[in-house]
Amino acid sequence: AQSVTQLDSQVPVFEEAPVELRCNYSSSVSVYLFWYVQYPNQGLQLLLKYLSGSTLVKGINGFEAEFNKSQTSFHLRKPSVHISDTAEYFCAVRGMDSSYKLIFGSGTRLLVRP
Amino acid sequence: NAGVTQTPKFRILKIGQSMTLQCTQDMNHNYMYWYRQDPGMGLKLIYYSVGAGITDKGEVPNGYNVSRSTTEDFPLRLELAAPSQTSVYFCASTENTGELFFGEGSRLTVL
């Protein structure tokens, strides 16, 4: 079974500052990892995903994440945030077994202030 | 291209009533999911399906049932609604890349 821990429930940051949203996972098998974003009153959209290959993954809207297998982490970063990045961000994991269950973390609310 | 369509968008139920949340996708995806989202809890997987005729329990299946008679449709049924089932429900589908495509959600209130 897999599980995901997002260590921060809310992250306030000023506009144009860098941000890191933390994600740690637990799994007995190798994993695929994802970050999704949810804007108010909407469904979730994929930001980026790690399936294999380079551990540094670039996504949409200038976000990137780095897969660290030894630390079982997949932290999301952006060098300079905008007001429009205010949203809820979810980390998710799926095991590379025959299961297609995608398990989500509890989410981190990014609040960008002017 | 409609993607994943959920109905209804909003519903108020009385305790003990039953209802079905409908989910349809037009992308010919084999894998479909139902999640519930509660404040501060993220998304919890209720049921999922890897193809027509096949369903399996997720993290929080109690109080719900699903069926998958066709590739396109994956309805979620609540038999005896309880206040604990007040939530926002999301249906999603995917092929084998793992990227889920979500519907816009169904907000259910049980009073």
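A brief structural summary. Computed from a predicted structure; not experimentally measured.

Conventions used here
Residues numbered from 1 in each chain as written. Chains lettered and ligands numbered in written order. Predicted model: local features only at pLDDT ≥ 70, side-chain atom pairs only at ≥ 80, totals over all residues. Heavy atoms only, no water. Helix = DSSP H or I, 4+ residues; strand = E, 2+ residues; numbered from the N terminus. Rg over C-alpha atoms; globule rule 2.2 N^0.38 Å. Buried < 20%, exposed > 50% of the residue type's maximum accessible area, 1.4 Å probe, protein only. Contact = heavy atoms within 4.5 Å. Areas by Shrake-Rupley, 256 points an atom, 1.4 Å probe, with all protein chains shown as cover. Lys, Arg positive; Asp, Glu negative; His and termini not counted. Charge placed at Lys NZ, Arg CZ, Asp CG, Glu CD. Buried area = accessible area lost by both parts, 1.4 Å probe. Polar contact = N/O pair within 3.5 Å; in protein donor to acceptor, adjacent residues only side chain to side chain. Nonpolar A, V, L, I, M, F, W, Y, C, P; charged D, E, K, R; others polar. Pairing = 2+ DSSP bridges. Axes fitted to C-alpha atoms, helices over the stretch in contact; angles between N-to-C directions. Salt bridge = Lys/Arg side-chain N within 4 Å of Asp/Glu carboxyl O.

With respect to the overall build of chain B
For step 1, the next point in the chain: When helices and strands are counted, chain B shows zero helices and eleven strands.
For step 2, the next point in the chain: Going from the N terminus to the C terminus, chain B shows its helices and strands as β-β-β-β-β-β-β-β-β-β-β.
For step 3, the next point in the chain: Computed over the C-alpha atoms, the radius of gyration of chain B is 13 Å, within 12% of the 13 Å expected from 2.2 N^0.38 for a compact globule of 111 residues.
For step 4, the next point in the chain: Here chain B, with 111 residues, has 47% of them falling under the buried criterion.
For step 5, the next point in the chain: Here the contacts in chain B between residues at least 6 apart in sequence split such that 52% fall between residues at least 24 apart.
For step 6, the next point in the chain: Carbon and sulfur atoms make up 52% of the accessible area of chain B, which totals about 5,200 Å².
For step 7, the next point in the chain: In chain B, 9 side chains carry a positive charge and 10 a negative one; their mean positions are 12 Å apart.

Topic: the interface of chain A and chain B
For step 1, the next point in the chain: On the side of chain B, 23 residues touch chain A, which itself brings 20 residues to the contact.
For step 2, the next point in the chain: For the pair chain A and chain B, the two sides together bury roughly 1,600 Å², of which 57% comes from carbon and sulfur.
For step 3, the next point in the chain: At the junction of chain A and chain B, the tally comes to four residue pairs in polar contact (both at pLDDT 80 or more).
For step 4, the next point in the chain: Mapped onto the side of chain A that touches chain B, the elements with two or more residues apiece are β5 (31-38), β6 (44-50), β10 (87-95) and β11 (103-104) of chain A.
For step 5, the next point in the chain: Class assignment of the residues belonging to the side of chain A that touches chain B gives a composition of ten nonpolar, seven polar and three charged.

Section: the sheet that holds strand β7 (residues 64-66) of chain B
Residues and elements named next belong to chain B.
For step 1, the next point in the chain: The four strands are arranged β1-β3-β8-β7 in an open sheet whose pairing can be described as antiparallel. Each having just a single partner strand, β1 (4-7) and β7 make up the two edges of the open sheet. Strand-to-strand twist in this sheet, taken as the mean axis angle between neighbours without regard to direction, amounts to 20 degrees.
For step 2, the next point in the chain: Two elements, β7 and strand β8 (residues 76-78), share three bridges in a ladder whose sense is antiparallel.

Structural notes on the environment of Phe104 of chain A
For step 1, the next point in the chain: Examined against the element boundaries, Phe104 of chain A turns out to sit in strand β11.
For step 2, the next point in the chain: The spatial distance from the C-alpha of Phe104 of chain A to the C-alpha of Leu7 of chain A is 13 Å, given a sequence separation of 97 residues.
For step 3, the next point in the chain: The residues contacting Phe104 of chain A, other than those within four sequence positions of it, are Val4, Tyr36, Leu44, Phe90, Cys91 and Ala92 of chain A together with Tyr35, Leu43 and Phe102 of chain B.

Comments concerning the environment of Gln25 of chain B
All names here are of chain B.
For step 1, the next point in the chain: Positionally, Gln25 belongs in strand β3 (residues 19-25).
For step 2, the next point in the chain: In this structure Gln25 comes out as buried when scored by relative accessible area, which is 1%.
For step 3, the next point in the chain: Separated by 77 residues in the primary sequence, Gln25 and Phe102 place their C-alpha atoms 9.7 Å from one another.
For step 4, the next point in the chain: If near-sequence neighbours (up to four positions away) are discounted, Gln25 is found in contact with Gly3, Val4, Met32, Arg68, Thr71, Glu72 and Ser93.

A closer look at the pattern of salt bridges
For step 1, the next point in the chain: Here the structure, examined in full by the defined rule, presents nine salt bridges over all chains.
For step 2, the next point in the chain: With a shortest N-O distance of 2.9 Å, Asp8 of chain A and Arg22 of chain A are connected by a salt bridge. In this pair, Asp8 of chain A is assigned in the loop between β1 (3-5) and β2 (10-14) and Arg22 of chain A in the loop between β3 (19-21) and β4 (24-26), connecting sequence segments 14 residues apart.
For step 3, the next point in the chain: Salt-bridge contacts for Asp38 of chain B lead to Arg36 of chain B; the nearest nitrogen and oxygen are separated by 3.0 Å. Exposure class is identical for Asp38 of chain B and Arg36 of chain B. Each is buried.
For step 4, the next point in the chain: One continuous salt-bridge network, built from bridges that share partners, spans Glu20, Glu66 and Arg77 of chain A.

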